[in-house]
Amino acid sequence: MAPDALLTDADREEALSWAFVRAVAGFAGYTISVEDFDRNGVDLFVHAGQPLSPAVGLQLKATVNLGAPGPDGNYRYAVPVANYRRLIRRHNIPRYLVVLALPSDHREWLVVSDDELVLRRCAYWVSLAGLPESENHATVTVSIPAENRFDPDALQRLLEQARG
């Protein structure tokens, strides 16, 4: 990190999660609208065109501690309880948690050369809609299927489902 950096590691992780989602959505040809304040469990919406101009809401997180999937093929991630409670509710616009997995060594997060821009590891998505309430006070650990890689094809499928 630069000696005059203003961002903490957590801030940098968040910035990279936004960059990741923007890159995926842009490559897929979709637009993004940003919420002024995250008061409703959504950081941003991704919008597709006709028919029906569907949208999906995304809550973005990033971590260096996602680890490997368990024997059931799922990652475990501790979601802040406030986010969990917002994401389990049903909404007119589907909402998903997107977690960017980063290497533990921050020097490996981003590599830039003349030939490529590499943001290491990837993100995974999960819907928490309909899960039960939790009595937890800080976090709720959720399962994220390793097969739910957040990429242009997955985003297209999520928006297609939002069409109904």
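Keep in mind it's a predicted model, so treat the numbers as computed, not measured.

Trainee: Describe the overall build of the protein chain, and please don't skip the residues or the numbers.
Mentor: Looking only at helices and strands, the protein chain has 3 helices and 9 strands in total. When the helices and strands of the protein chain are listed from N to C terminus, the series reads α-β-β-β-β-α-β-β-β-β-β-α. For 164 residues, the compact-globule estimate of 2.2 N^0.38 gives 15 Å, and the protein chain sits close to it at 16 Å. Across the 164 residues in the protein chain, those meeting the buried criterion constitute 40%. Taking as baseline every contact in the protein chain between residues at least 6 positions apart, the subset at least 24 positions apart corresponds to 65%. A total of about 9,400 Å² of accessible surface is found on the protein chain, and carbon and sulfur atoms cover 50% of it. On the protein chain, the mean spot of the 16 positive side-chain charges and the mean spot of the 21 negative ones are 6 Å from each other.

Trainee: Describe the pattern of salt bridges, listing the residues and the values that go with them.
Mentor: The final tally for this structure, using the stated rule, is 6 salt bridges. Residue arginine 76 is joined to aspartate 72 by a salt bridge in which the shortest nitrogen-to-oxygen separation is 2.7 Å. Classification of aspartate 72 as partly exposed rests on a relative accessible area of 44%. Here arginine 85 and glutamate 133 are joined by a salt bridge, their closest N and O atoms 4.0 Å apart. Taken as a pair, arginine 85 in helix H2 (residues 81-88) and glutamate 133 in the loop between strand E8 (123-126) and strand E9 (139-145) lie far apart in primary sequence, 48 residues in all.

Trainee: An account of the nonpolar core is needed here, citing residue identities and associated values.
Mentor: Counting 44 residues, the largest nonpolar core has Val46, Leu58, Leu97, Val142, Ile144, Phe150 and Leu155 as the members making the most contacts within it. The residues contacting isoleucine 144, other than those within four sequence positions of it, are Gly73, Asn74, Tyr75, Tyr77, Leu97, Val99, Tyr124, Trp125 and Val126.

Trainee: Give me the lowdown on the packing of aromatic side chains, citing residues and values where you can.
Mentor: All told, the structure shown has 2 aromatic pairs when counted by the stated rule. The interplanar angle of 45° and the centroid separation of 4.6 Å between the aromatic rings of tyrosine 75 and tyrosine 124 together place this pair among those described as tilted. Of the two residues, tyrosine 75 sits in strand E4 (residues 74-80) while tyrosine 124 sits in strand E8, which places them 49 residues apart along the sequence. Ring geometry for tyrosine 96 versus tryptophan 125: centroids 5.5 Å apart, planes at 90°, classification edge-to-face. You can see tyrosine 96 sitting in strand E5 (residues 95-101) and its partner tryptophan 125 sitting in strand E8, a full 29 residues away along the chain.

Trainee: How would you summarise the environment of proline 132 if you had to cite specific residues and measurements?
Mentor: Inspection of the secondary structure assignment puts proline 132 in the loop between E8 and E9. Residue classification places proline 132 among the exposed positions, given a relative accessible area of 57%. Along the backbone, proline 132 and arginine 89 are 43 residues apart, and their C-alpha atoms lie at a distance of 9.3 Å. Not counting chain neighbours up to four residues away, the residues in contact with proline 132 comprise Tyr84 and Ile88.

Trainee: Give a detailed account of the side chain of arginine 12, specifying residues and quantitative values.
Mentor: For arginine 12, the position within the fold is in helix H1 (residues 9-28). A relative accessible area of 18% places arginine 12 in the buried class. Setting aside chain neighbours within four positions, we find arginine 12 in contact with Met1, Leu7, His106 and Trp109.

Conventions we followed
Residues numbered from 1 in each chain as written. Predicted model: local features only at pLDDT ≥ 70, side-chain atom pairs only at ≥ 80, totals over all residues. Heavy atoms only, no water. Helix = DSSP H or I, 4+ residues; strand = E, 2+ residues; numbered from the N terminus. Rg over C-alpha atoms; globule rule 2.2 N^0.38 Å. Buried < 20%, exposed > 50% of the residue type's maximum accessible area, 1.4 Å probe, protein only. Contact = heavy atoms within 4.5 Å. Areas by Shrake-Rupley, 256 points an atom, 1.4 Å probe, with all protein chains shown as cover. Lys, Arg positive; Asp, Glu negative; His and termini not counted. Charge placed at Lys NZ, Arg CZ, Asp CG, Glu CD. Salt bridge = Lys/Arg side-chain N within 4 Å of Asp/Glu carboxyl O. Core = buried A, V, L, I, M, F, W, Y, C linked by side-chain atoms within 4.5 Å. Phe/Tyr/Trp six-rings, centres within 6.5 Å; stacked < 30°, edge-to-face > 60°.

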